[in-house]
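Listed below, chain by chain, are the residues.
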Amino acid sequence: MMTRTVSVPLGARSYDVRIGAGLIERAADHIAPLLARPRAAIVTDEHVAALHLPRLAAALNRAGIAASALALPAGEASKSWDQLGRTVEWLLAERIERADIVIALGGGVIGDLAGFAAAILRRGVRFVQIPTTLLAQVDSSVGGKTGINSPQGKNLIGAFHQPALVLADTDVLASLPERDFLAGYGEVVKYGLLGDAGFFEWLELNGPRLRTDRAALQHAVAHCVAMKAGIVARDETEQGERALLNLGHTFGHALESATGYSGRLLHGEGVAIGCALAFDLSARLGLCSQEDPGRVTAHLAAMGMPRALADVPGDLPEDAALIALMRQDKKVVAGRLRLILARGIGQAFVADDVPPAAIAATLAAARRPF
């Protein structure tokens, strides 16, 4: 299976996303041309370190590249001031210079945290993303959003800092637990729902076999990356079109905050529920057909994914409290809550000043089991 390359065209900061099997073993071939000296620092988490760090370190070592590694605790809680400070101080102690490379080996948490650390270290050090989850490969590793969470909300502290290269090794996805793979699928299906009805139709047919069909998986990853690359190139800092990539996220982030960024709800699960809620809300407002929300939830159900508040284990805050959490979202402008809604599958748009009563009705309906 050939490696596929998607370019993110951003002028002097353009970079490639390379997608294929066995890229970790061949990482040195791709990273060495970026190095001013044979030196790199790897930031990962303890879980990923046990699975993939030895192969990456060995590949770099064979090419004569010295690499040290820091393994942080796994999980969303690591996107914090404490772990950011620990990472930056470690990079300084390792004497990582501006011309060196920081390698983010892990899922979205590590990519966001290591990328933010690289952005603020010495006012900007280059970094390479080696995403090890489906969610990170199709979404968070591409586009330059880096950051950490605050008790006030998710991803409220950060910077735009584009990677120098992304290596998406699809072989590593075989090591993902089923729940983590499906959580990543929440971001995959989002792309079809926001801007490509044909891709959503393809997913309806092929989604259930992505776990076992390597060619279909590579196609899905590359298609999502190409969609995101095009949007990022047109709107790098989310002044317009890029906001569409947040379909499902305002609801999802509120649910993540309500569950304490814990194992009760993974990010991609929150996105999947959020997409279902966004289509329900769109139908309630008369923006899309009544059939569209059913089609979305039917596909999520076929994939074995959560699609309603009732699917989140444990108690959730009341509707007013969830709406208050939604108002902490980065997309709030002049105090007005902006949501990504849809006029149909593949037809997302930014909606201003959505009636709170309609949001509450959607949340109330989502508390009832299917």
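Refer to the structure printed above.
Reading guide: rules and limits
- Throughout, a residue's number is its position along its own chain's written sequence, starting from 1.
- Note on the predicted model: pLDDT of at least 70 is required for a residue's local features to be given, and 80 or more for side-chain atom pairs to be given and counted; whole-chain, interface and lining totals, by contrast, use all residues.
- Side-chain numbers come from the whole structure's heavy atoms, not from hydrogens or water.
- Salt bridges are identified by distance alone: a Lys or Arg side-chain nitrogen within 4 Å of an Asp or Glu carboxyl oxygen.
- The secondary structure listing takes helices from DSSP runs of H or I that are at least 4 residues long and strands from runs of E that are at least 2 residues long, numbered from the N terminus.
- Paired strands are those between which DSSP finds at least two bridges.
- Think of a 1 Å grid over just the protein atoms. A cavity is a set of points where a 1.4 Å probe fits yet cannot get out, a pocket is an open set with protein on both sides within 12 Å along at least five of seven lines, and lining residues have an atom within 4 Å of a point.
- Grid points are joined across faces, edges and corners, and a volume is the space filled by probe spheres set on the points.
- Classes in brief: Ala, Val, Leu, Ile, Met, Phe, Trp, Tyr, Cys and Pro nonpolar; Asp, Glu, Lys and Arg charged; the others, Gly included, polar.
- By nonpolar core is meant a set of buried Ala, Val, Leu, Ile, Met, Phe, Trp, Tyr and Cys residues that side-chain atoms within 4.5 Å join together.
- Here's how the labels work: a residue is buried when its accessible area is under 20% of the maximum for its type, exposed when over 50%, partly exposed in between, all with a 1.4 Å probe on protein chains only.
- By the convention used here, residues are in contact when the closest approach between their heavy atoms is within 4.5 Å.

Asker: Explain the pattern of salt bridges to me, using residue names and the numbers behind them.
Answerer: One pass over the structure, following the stated rule, counts 23 salt bridges. Close ionic contact of Lys145 with Glu238 constitutes a salt bridge, the shortest N to O distance being 2.4 Å. Of this pair, Lys145 sits in strand 7 (residues 145-150) while Glu238 sits in the loop between helix 8 (214-234) and helix 9 (249-258), and the two are 93 residues apart along the sequence. Shared partners join several salt bridges into a network, and the residues in it are Glu76, Lys79, Asp112, Lys154 and Glu256.

Asker: Explain the pairing of strand 2 (residues 15-20) to me, and be specific about the residues and the numbers.
Answerer: Direction of pairing for strand 1 (residues 4-8) relative to strand 2: antiparallel, over a ladder of five bridges. Residue pairing for strand 2: Arg4 is matched across the bridge by Ile19. In textbook terms, the turn of a hairpin is the stretch between consecutive antiparallel strands, and for strand 1 and strand 2 this stretch comprises six residues, one of which, Gly11, has a positive phi near 65°. Examined bridge by bridge, strand 2 and strand 9 (residues 165-169) share four bridges and lie parallel to one another. Pairing of Val17 across the sheet is with Val166, part of strand 9.

Asker: Break down empty space enclosed by the protein for me, citing the residues and quoting the values.
Answerer: One pass over the full model with this rule turns up two cavities of 30 Å³ or more. Within this model, the second largest cavity holds a volume of roughly 30 Å³. In this structure, the second largest cavity is lined by Phe251, Ala254, Leu255, Leu277, Leu309, Leu322, Met326 and Leu363. Elements represented by at least two residues in the lining of the second largest cavity include exactly helix 9 and helix 12 (319-326). Looking at the lining of the second largest cavity element by element, the count peaks at three residues for helix 9. Its residues assigned to classes, the lining of the second largest cavity comprises eight nonpolar, no polar and no charged.

Asker: Requested: an account of the nonpolar core, with residues and values cited.
Answerer: With 101 residues, the main nonpolar core has Ile31, Ile103, Leu134 and Ile359 as its most contacted residues. Of all the elements, helix 8 adds the most residues to this core, at eleven residues. For Leu134, the residues in contact, after removing those within four places along its chain, are Leu173, Leu176, Phe181, Gly184, Tyr185, Val188, Leu217 and Val221. Of all hydrophobic cores here, the second largest spans 23 residues; its members include Phe116, Ala118, Leu121 and Ile157.

It is worth stressing that arrangement in space is one thing and function is another; only the former is reported here.
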